[in-house]
Amino acid sequence: MKNILVPIGSNGNALNTLQYAIDFASAVEAKVYLVHVYSSPKISGNILKVEQIMQRDSKEILKNHLNDVDTKNVQIITSTLKGYSVIDTLKQLNKLLKIDLIIASSKNDGADEHIFLGKITGNIIKDTKVPVLIVPGNTSFKPIKKILMTIKSGSIKSISTLDLLIKIKNTFSSTINLLQVKTPKLDAKDLELNKTLEGLINKHIPSTNATV
(Lines give C-alpha, C1' and ligand atoms only; values in the text may rest on other atoms or scores of the structure.)
Protein backbone atom coordinates (compact mmCIF):
# COMPACT_ATOMS: atom_id res chain seq x y z
CA MET A 1 0.00 0.00 0.00
CA LYS A 2 1.63 3.21 -1.19
CA ASN A 3 -1.01 5.83 -2.01
CA ILE A 4 -3.94 6.90 0.15
CA LEU A 5 -6.54 9.39 -1.08
CA VAL A 6 -8.31 11.56 1.48
CA PRO A 7 -11.17 13.67 0.08
CA ILE A 8 -12.35 16.18 2.66
CA GLY A 9 -14.84 19.00 2.97
CA SER A 10 -15.12 21.81 5.47
CA ASN A 11 -17.45 20.12 7.96
CA GLY A 12 -16.61 19.12 11.52
CA ASN A 13 -15.57 15.54 10.66
CA ALA A 14 -12.89 16.56 8.17
CA LEU A 15 -10.14 17.32 10.66
CA ASN A 16 -10.66 14.08 12.56
CA THR A 17 -10.68 12.07 9.33
CA LEU A 18 -7.47 13.70 8.16
CA GLN A 19 -5.67 12.93 11.42
CA TYR A 20 -6.87 9.34 11.29
CA ALA A 21 -5.62 9.03 7.71
CA ILE A 22 -2.22 10.46 8.63
CA ASP A 23 -1.87 8.09 11.59
CA PHE A 24 -2.87 5.14 9.39
CA ALA A 25 -0.48 6.19 6.63
CA SER A 26 2.33 6.48 9.16
CA ALA A 27 1.69 2.92 10.33
CA VAL A 28 1.69 1.43 6.82
CA GLU A 29 4.35 3.77 5.41
CA ALA A 30 2.17 5.32 2.71
CA LYS A 31 1.81 8.82 1.30
CA VAL A 32 -1.41 10.84 1.54
CA TYR A 33 -3.11 12.72 -1.27
CA LEU A 34 -5.35 15.29 0.39
CA VAL A 35 -7.94 16.78 -1.94
CA HIS A 36 -10.82 19.21 -1.77
CA VAL A 37 -13.20 19.25 -4.72
CA TYR A 38 -15.22 22.38 -5.40
CA SER A 39 -18.03 22.63 -7.93
CA SER A 40 -17.85 24.86 -10.95
CA PRO A 41 -20.56 27.54 -10.60
CA LYS A 42 -23.53 27.20 -12.92
CA ILE A 43 -24.39 30.88 -13.01
CA SER A 44 -24.20 33.70 -15.50
CA GLY A 45 -22.03 36.75 -15.07
CA ASN A 46 -18.37 36.91 -14.10
CA ILE A 47 -17.84 33.15 -13.71
CA LEU A 48 -14.06 33.46 -13.79
CA LYS A 49 -14.04 35.69 -10.71
CA VAL A 50 -16.38 33.34 -8.83
CA GLU A 51 -14.19 30.36 -9.69
CA GLN A 52 -11.11 32.18 -8.46
CA ILE A 53 -12.83 32.84 -5.13
CA MET A 54 -13.93 29.21 -4.82
CA GLN A 55 -10.44 27.98 -5.62
CA ARG A 56 -8.96 30.37 -3.04
CA ASP A 57 -11.43 29.19 -0.41
CA SER A 58 -10.66 25.55 -1.27
CA LYS A 59 -6.92 26.11 -0.79
CA GLU A 60 -7.62 27.87 2.49
CA ILE A 61 -9.63 24.88 3.74
CA LEU A 62 -6.72 22.51 3.07
CA LYS A 63 -4.19 24.90 4.59
CA ASN A 64 -6.22 25.30 7.78
CA HIS A 65 -6.73 21.55 8.17
CA LEU A 66 -3.01 20.84 7.77
CA ASN A 67 -2.17 23.50 10.37
CA ASP A 68 -4.40 21.71 12.90
CA VAL A 69 -3.06 18.14 12.61
CA ASP A 70 0.10 16.27 13.51
CA THR A 71 1.60 15.28 10.15
CA LYS A 72 4.03 12.77 11.72
CA ASN A 73 6.50 13.22 8.86
CA VAL A 74 4.04 11.59 6.47
CA GLN A 75 4.35 12.84 2.91
CA ILE A 76 1.14 14.79 2.20
CA ILE A 77 0.36 16.13 -1.25
CA THR A 78 -2.52 18.61 -1.37
CA SER A 79 -4.67 19.59 -4.31
CA THR A 80 -7.80 21.63 -4.92
CA LEU A 81 -9.84 20.38 -7.85
CA LYS A 82 -12.73 21.80 -9.82
CA GLY A 83 -15.36 19.31 -10.88
CA TYR A 84 -19.04 19.14 -11.76
CA SER A 85 -19.14 15.75 -10.03
CA VAL A 86 -17.10 14.88 -6.94
CA ILE A 87 -17.29 11.16 -7.73
CA ASP A 88 -16.13 11.52 -11.35
CA THR A 89 -13.22 13.68 -10.22
CA LEU A 90 -12.18 11.13 -7.59
CA LYS A 91 -12.43 8.28 -10.10
CA GLN A 92 -10.02 10.12 -12.40
CA LEU A 93 -7.62 10.64 -9.50
CA ASN A 94 -7.78 6.97 -8.57
CA LYS A 95 -6.48 6.03 -12.02
CA LEU A 96 -3.97 8.86 -12.33
CA LEU A 97 -2.37 8.38 -8.91
CA LYS A 98 -2.84 4.60 -8.62
CA ILE A 99 -4.68 4.97 -5.33
CA ASP A 100 -4.65 1.90 -3.07
CA LEU A 101 -7.11 3.13 -0.44
CA ILE A 102 -9.59 5.96 0.10
CA ILE A 103 -10.12 7.18 3.66
CA ALA A 104 -13.29 9.23 4.06
CA SER A 105 -15.60 10.60 6.74
CA SER A 106 -18.81 8.70 7.34
CA LYS A 107 -20.53 12.02 6.69
CA ASN A 108 -18.80 14.72 4.66
CA ASP A 109 -21.77 16.51 3.20
CA GLY A 110 -23.80 17.83 6.13
CA ALA A 111 -26.13 14.83 6.20
CA ASP A 112 -28.83 14.51 8.86
CA GLU A 113 -27.40 13.44 12.23
CA HIS A 114 -29.59 10.32 12.19
CA ILE A 115 -27.91 9.11 8.98
CA PHE A 116 -24.62 7.26 9.46
CA LEU A 117 -23.42 7.34 5.85
CA GLY A 118 -23.60 10.60 3.93
CA LYS A 119 -24.47 10.83 0.22
CA ILE A 120 -20.95 11.57 -1.03
CA THR A 121 -19.29 8.80 0.98
CA GLY A 122 -22.04 6.39 -0.05
CA ASN A 123 -21.44 7.23 -3.71
CA ILE A 124 -17.68 6.75 -3.29
CA ILE A 125 -18.32 3.22 -2.04
CA LYS A 126 -20.82 2.38 -4.80
CA ASP A 127 -19.10 4.01 -7.76
CA THR A 128 -15.38 3.43 -7.26
CA LYS A 129 -13.39 0.20 -7.37
CA VAL A 130 -10.89 1.31 -4.73
CA PRO A 131 -11.23 0.02 -1.14
CA VAL A 132 -12.74 2.60 1.22
CA LEU A 133 -12.05 2.95 4.93
CA ILE A 134 -14.86 4.92 6.58
CA VAL A 135 -14.06 6.94 9.69
CA PRO A 136 -16.98 7.72 12.04
CA GLY A 137 -16.89 11.11 13.77
CA ASN A 138 -14.46 11.49 16.70
CA THR A 139 -12.80 8.11 16.03
CA SER A 140 -9.09 8.09 16.84
CA PHE A 141 -6.66 5.78 15.12
CA LYS A 142 -5.30 2.80 16.97
CA PRO A 143 -3.65 -0.39 15.69
CA ILE A 144 -6.28 -2.60 14.04
CA LYS A 145 -6.22 -5.74 16.16
CA LYS A 146 -9.68 -7.29 15.71
CA ILE A 147 -11.55 -7.41 12.41
CA LEU A 148 -15.08 -8.67 11.78
CA MET A 149 -15.56 -9.50 8.11
CA THR A 150 -19.13 -10.15 6.95
CA ILE A 151 -20.07 -11.99 3.77
CA LYS A 152 -22.83 -14.05 2.20
CA SER A 153 -21.07 -16.03 -0.50
CA GLY A 154 -17.71 -17.57 0.30
CA SER A 155 -16.73 -17.31 -3.35
CA ILE A 156 -14.19 -14.60 -4.12
CA LYS A 157 -14.29 -13.43 -7.75
CA SER A 158 -10.87 -11.80 -7.59
CA ILE A 159 -8.23 -12.59 -4.99
CA SER A 160 -6.90 -9.02 -5.33
CA THR A 161 -9.96 -7.85 -3.40
CA LEU A 162 -8.32 -9.39 -0.32
CA ASP A 163 -5.02 -7.53 -0.78
CA LEU A 164 -5.88 -4.69 1.62
CA LEU A 165 -7.19 -7.12 4.23
CA ILE A 166 -3.95 -9.11 4.00
CA LYS A 167 -1.89 -5.91 4.29
CA ILE A 168 -3.75 -4.81 7.42
CA LYS A 169 -3.51 -8.27 8.98
CA ASN A 170 0.23 -8.45 8.37
CA THR A 171 0.92 -4.88 9.51
CA PHE A 172 -1.02 -5.02 12.77
CA SER A 173 -1.01 -8.79 13.45
CA SER A 174 -4.79 -8.60 13.30
CA THR A 175 -7.28 -11.31 14.20
CA ILE A 176 -9.97 -11.79 11.55
CA ASN A 177 -13.31 -13.37 12.46
CA LEU A 178 -15.65 -14.17 9.59
CA LEU A 179 -19.42 -13.86 9.90
CA GLN A 180 -21.09 -15.69 7.01
CA VAL A 181 -24.81 -15.09 6.67
CA LYS A 182 -26.87 -17.68 4.80
CA THR A 183 -29.83 -15.88 3.24
CA PRO A 184 -32.85 -17.63 1.62
CA LYS A 185 -31.56 -17.21 -1.96
CA LEU A 186 -28.03 -18.43 -1.26
CA ASP A 187 -26.86 -21.56 -3.10
CA ALA A 188 -25.18 -24.41 -1.28
CA LYS A 189 -21.94 -23.80 -3.22
CA ASP A 190 -21.83 -20.26 -1.81
CA LEU A 191 -21.29 -21.70 1.67
CA GLU A 192 -17.88 -23.02 0.62
CA LEU A 193 -15.08 -20.62 1.55
CA ASN A 194 -12.40 -19.49 -0.83
CA LYS A 195 -9.14 -21.15 0.24
CA THR A 196 -7.20 -17.89 0.49
CA LEU A 197 -9.92 -16.33 2.65
CA GLU A 198 -10.13 -19.46 4.77
CA GLY A 199 -6.41 -19.20 5.46
CA LEU A 200 -6.77 -15.62 6.74
CA ILE A 201 -9.48 -16.09 9.34
CA ASN A 202 -9.24 -17.23 12.94
CA LYS A 203 -12.91 -18.07 13.42
CA HIS A 204 -15.78 -18.83 11.05
CA ILE A 205 -19.21 -17.87 12.42
CA PRO A 206 -22.18 -19.17 10.34
CA SER A 207 -25.62 -17.59 10.67
CA THR A 208 -28.98 -17.98 8.92
CA ASN A 209 -30.97 -14.78 8.49
CA ALA A 210 -33.14 -12.95 5.98
CA THR A 211 -30.47 -10.32 5.35
CA VAL A 212 -26.89 -9.56 6.37
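Residues numbered from 1 in each chain as written. Predicted model: local features only at pLDDT ≥ 70, side-chain atom pairs only at ≥ 80, totals over all residues. Heavy atoms only, no water.

Colleague: I would appreciate a short explanation of the sheet that holds strand S8 (residues 203–208) in the present structure.
Modeller: Whether parallel or antiparallel, the strands of a sheet pair through hydrogen bonds between backbone atoms. Here we have three strands laid out as an open sheet, ordered S6-S7-S8, and parallel in their pairing. One side of each edge strand has no neighbouring strand; the edge strands of this open sheet are strand S6 (146–151) and S8. Neighbour-to-neighbour, the strand axes of the sheet open up by a mean angle of 20 degrees, direction not taken into account. With six bridges joining them, S6 and strand S7 (residues 175–182) adopt parallel strand pairing. Each residue of the ladder has a partner; that of Ile-147, found in S7, is Ile-176. (Pairing = 2+ DSSP bridges. Helix = DSSP H or I, 4+ residues; strand = E, 2+ residues; numbered from the N terminus. Axes fitted to C-alpha atoms, helices over the stretch in contact; angles between N-to-C directions.)

Colleague: Quick question: what am I supposed to make of the nonpolar core here?
Modeller: A general trend in soluble globular proteins is that nonpolar side chains are found buried together. Grouped together as the largest cluster of nonpolar side chains are 39 residues, with contacts concentrated most on Ile-4, Val-6, Phe-24, Leu-34, Ile-103, Met-149 and Leu-197. Ignoring anything within four residues of it in the chain, the contact list for Ile-4 reads Phe-24, Ala-25, Val-28, Ala-30, Lys-31, Val-32, Tyr-33, Ile-99, Leu-101 and Ile-103. Within the second largest apolar cluster, 14 residues are counted, among which are Tyr-33, Ile-87, Ile-102 and Ala-104. (Core = buried A, V, L, I, M, F, W, Y, C linked by side-chain atoms within 4.5 Å. Buried < 20%, exposed > 50% of the residue type's maximum accessible area, 1.4 Å probe, protein only. Contact = heavy atoms within 4.5 Å.)

Colleague: What exactly am I supposed to notice about the pairing of strand S1 (residues 3–7) here?
Modeller: Along any regular strand, the residues point their side chains to alternate faces of the sheet. Counted residue by residue, S1 has five buried out of five residues, so it is predominantly covered. Burial along S1 is two-sided: Asn-3, Leu-5 and Pro-7 and Ile-4 and Val-6, pointing in opposite directions, are all buried. For S1 and strand S2 (residues 31–38), the ladder comprises five bridges, and the chain directions are parallel. Looking at the pairing, Pro-7 lines up with Val-35 of S2.

Colleague: Sorry, what's going on with the packing of aromatic side chains here?
Modeller: Two descriptors summarise a pair of aromatic rings, namely the distance from one centre to the other and the angle between the planes of the rings. Inspection of the entire model under this criterion finds four aromatic pairs. For the ring pair Phe-24 and Phe-141, a centre distance of 6.1 Å and an interplane angle of 90 degrees mean the geometry is edge-to-face. Of the two residues, Phe-24 sits in helix H1 (residues 13–28) while Phe-141 sits in the loop between strand S5 (132–135) and S6, which places them 117 residues apart along the sequence. For Phe-24, a relative accessible area of 0% translates into the label buried. When its relative accessible area of 19% is taken as the criterion, Phe-141 is described as buried. A centroid spacing of 6.3 Å and a plane angle of 45 degrees characterise the contact between Phe-24 and Phe-172, whose relative ring orientation is tilted. Linking Phe-24 in helix H1 with Phe-172 in helix H5 (residues 163–172), this pair joins segments that are 148 residues apart in sequence. With a relative accessible area of 7%, Phe-172 lands in the buried category. An aromatic cluster is present here, built from Tyr-20, Phe-24, Phe-141 and Phe-172 joined pairwise through their rings. (Phe/Tyr/Trp six-rings, centres within 6.5 Å; stacked < 30°, edge-to-face > 60°.)

Colleague: I would appreciate a short explanation of the sheet that holds strand S4 (residues 101–105) in the present structure.
Modeller: Read from one edge of the open sheet, five strands run S3-S2-S1-S4-S5, paired in parallel fashion. The sheet is open, and its two edges are formed by strand S3 (76–82) and S5, each paired on a single side. Averaged over all neighbouring strand pairs, the angle between strand axes comes to 25 degrees, with direction disregarded. In this structure, S2 lies alongside S3, joined through seven bridges in parallel fashion. Bridge pairing in S3 links Val-35 to Ser-79. Where H1 meets the sheet, it contacts S1, S2, S3, S4 and S5, and its direction lies at approximately 150 degrees from that of S4.

Everything listed here is a matter of geometry and, on its own, says nothing about what the molecule does.
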